[in-house]
Amino acid sequence: MASLPNHPPAQADIAALKARAKRMRNHMLVMARGPGQGYIGQGLGIADVLAAIYFHELRWSPEHLDDPERDRFLLSTGHYSVALWAALAEAGVFPLDELPSYGADDSRLQMSTLDTTPGVEIIGGSLGHGLGQGVGMALGLRLRGSNARIFCELSDGELQEGSTWEAAMSGSNFGLDNLIALIDCNGIQADGDLVIDIEPVADKWRAFGWQVQEIDGNDMKEVTDALQAARTKGSRPHAIVLRTKPGKGVPTLEQREKAHFVRVDPDEWDALIRELKDHN
């Protein structure tokens, strides 16, 4: 059985991580082709971040899913499951040939996360609660003397939830430098643009006492550099504000006005997969 790495690699292999992200995007298209629909826009947008997390930064392995010393990745936006399934399958947690069952009856790979699926740390379908769970986990790990870290993805839409800011205040109050919030700012929610203007996002997190970076979430070098900077120990939690593009990597989907829940005609999927293959 492989052991957990002592620390993430000092240097990121950017080309290899980009290749991982592209394979993950292909996995997502294969998944969504089954039911003909899914939360594919957000998944494609966050692929670079999940590739960097799972294949560079996380002290984690498929053989140690229950190891108390593992780092943990929390997907607060449970409907981004298509991206998480792609990452976990790419990592070998479950077979690639299971991916087309996405959204099917009795599948382990539903359109929102299930705690019965290997590799899932929390159920994130009810939005606004992931960061609060992350604060609790990070505090518990620190009290236990563990060096494990908590990476919590949340969305810009969740910044409209009061519980998110209660958690942000608590994380700062307890000085949880083992907590990293990954805030996906893609500018969309269920019916289009965000209902409430949440800007300036980075300044708000700074005001709540967090160490903050703001980056292009689809630039692998910026993502890995930000994750490396967030390894710094101190007395404050870390927030990385990610500016991502829904549908990233597939120009047809990048150009869609409404990309929250995407439906595609059956004869279009092969064309989208070819687009991804041909796109840088």
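Structural data are supplied above this passage.
One structure accompanies this document, and this report is about it. (Residues numbered from 1 in each chain as written. Predicted model: local features only at pLDDT ≥ 70, side-chain atom pairs only at ≥ 80, totals over all residues. Heavy atoms only, no water.)

## Quick look at the pattern of salt bridges
Under the counting rule described, the total for this entry stands at 13 salt bridges. Across the pair Arg25 and Asp48 runs a salt bridge whose closest N-O atoms are separated by 2.7 Å. You can see Arg25 sitting in helix 1 (residues 14-33) and its partner Asp48 sitting in helix 2 (residues 40-57), a full 23 residues away along the chain. Residues Glu57 and Arg231 are paired through a salt bridge, measuring 2.9 Å at the closest nitrogen-oxygen approach. With a gap of 174 residues between them, Glu57 in helix 2 and Arg231 in the loop between helix 7 (220-229) and strand 8 (238-243) connect regions that are remote in the sequence. (Salt bridge = Lys/Arg side-chain N within 4 Å of Asp/Glu carboxyl O. Helix = DSSP H or I, 4+ residues; strand = E, 2+ residues; numbered from the N terminus.)

## Observations regarding the environment of His27
For His27, the position within the fold is in helix 1. Taking relative accessible area as the criterion, His27 reaches 9% and is therefore assigned buried. Expressed as a C-alpha distance, the spacing of His27 and Ser155, which sit 128 residues apart in the sequence, is 22 Å. (Buried < 20%, exposed > 50% of the residue type's maximum accessible area, 1.4 Å probe, protein only.)

## Examining the packing of aromatic side chains
The final tally for this structure, using the stated rule, is six aromatic pairs. Summarising the aromatic geometry, the rings of Tyr54 and Trp60 are spaced 5.1 Å apart at their centres and angled 80° between planes, so their arrangement reads as edge-to-face. For Trp60, a relative accessible area of 9% translates into the label buried. Considering the side-chain rings of Trp85 and Phe94, the 6.4 Å spacing of their centres and the 65° angle between planes classify their relative orientation as edge-to-face. Overall, Trp85 belongs to the buried group, its relative accessible area being 0%. Its relative accessible area of 3% is what places Phe94 among the buried residues. Aromatic ring contacts, followed pair by pair, group Trp165, Trp205, Phe208 and Trp210 into a single cluster. (Phe/Tyr/Trp six-rings, centres within 6.5 Å; stacked < 30°, edge-to-face > 60°.)

## Describing the pairing of strand 3 (residues 150-155)
A large share of strand 3 lies buried, amounting to six of its six residues. Residues Ile150, Cys152 and Leu154 line one face of strand 3 and the alternating positions Phe151, Glu153 and Ser155 line the opposite face, and both faces are buried. Sheet topology places strand 3 next to strand 4 (residues 179-185); six bridges connect them, and they run parallel. Within the sheet, the bridge partner assigned to Cys152 lies in strand 4 and is Ala181. (Pairing = 2+ DSSP bridges.)

## Comments concerning the packing of helix 1 against helix 2
Helix 2 packs onto helix 1 with a crossing angle of 140° between their chain directions and a minimal axis gap of 8 Å. The orientation of helix 1 with respect to helix 2, classified from their angle, is oblique. The chirality of how helix 1 crosses helix 2 is right-handed. On helix 2, the residues that touch Leu17, Arg20, Ala21, Met24, Arg25, Met28, Leu29 and Ala32 of helix 1 are Ile40, Gly43, Leu44, Gly45, Ala47, Asp48, Leu50, Ala51, Ala52, Phe55 and His56. (Axes fitted to C-alpha atoms, helices over the stretch in contact; angles between N-to-C directions. Parallel < 35°, antiparallel > 145°, perpendicular 65-115°, else oblique. Left-handed = near helix turned anticlockwise from the far one by under 90°. Contact = heavy atoms within 4.5 Å.)

## A word on unusual backbone geometry
Here the residue pair Glu199 and Pro200 is connected by a cis peptide bond, since its omega of 0° sits within 30 degrees of zero. The topology assignment puts Pro200 in the loop between strand 6 (192-193) and helix 6 (201-207). The phi dihedral of Asp106 falls on the positive side, at around 70°, and the residue is not glycine.

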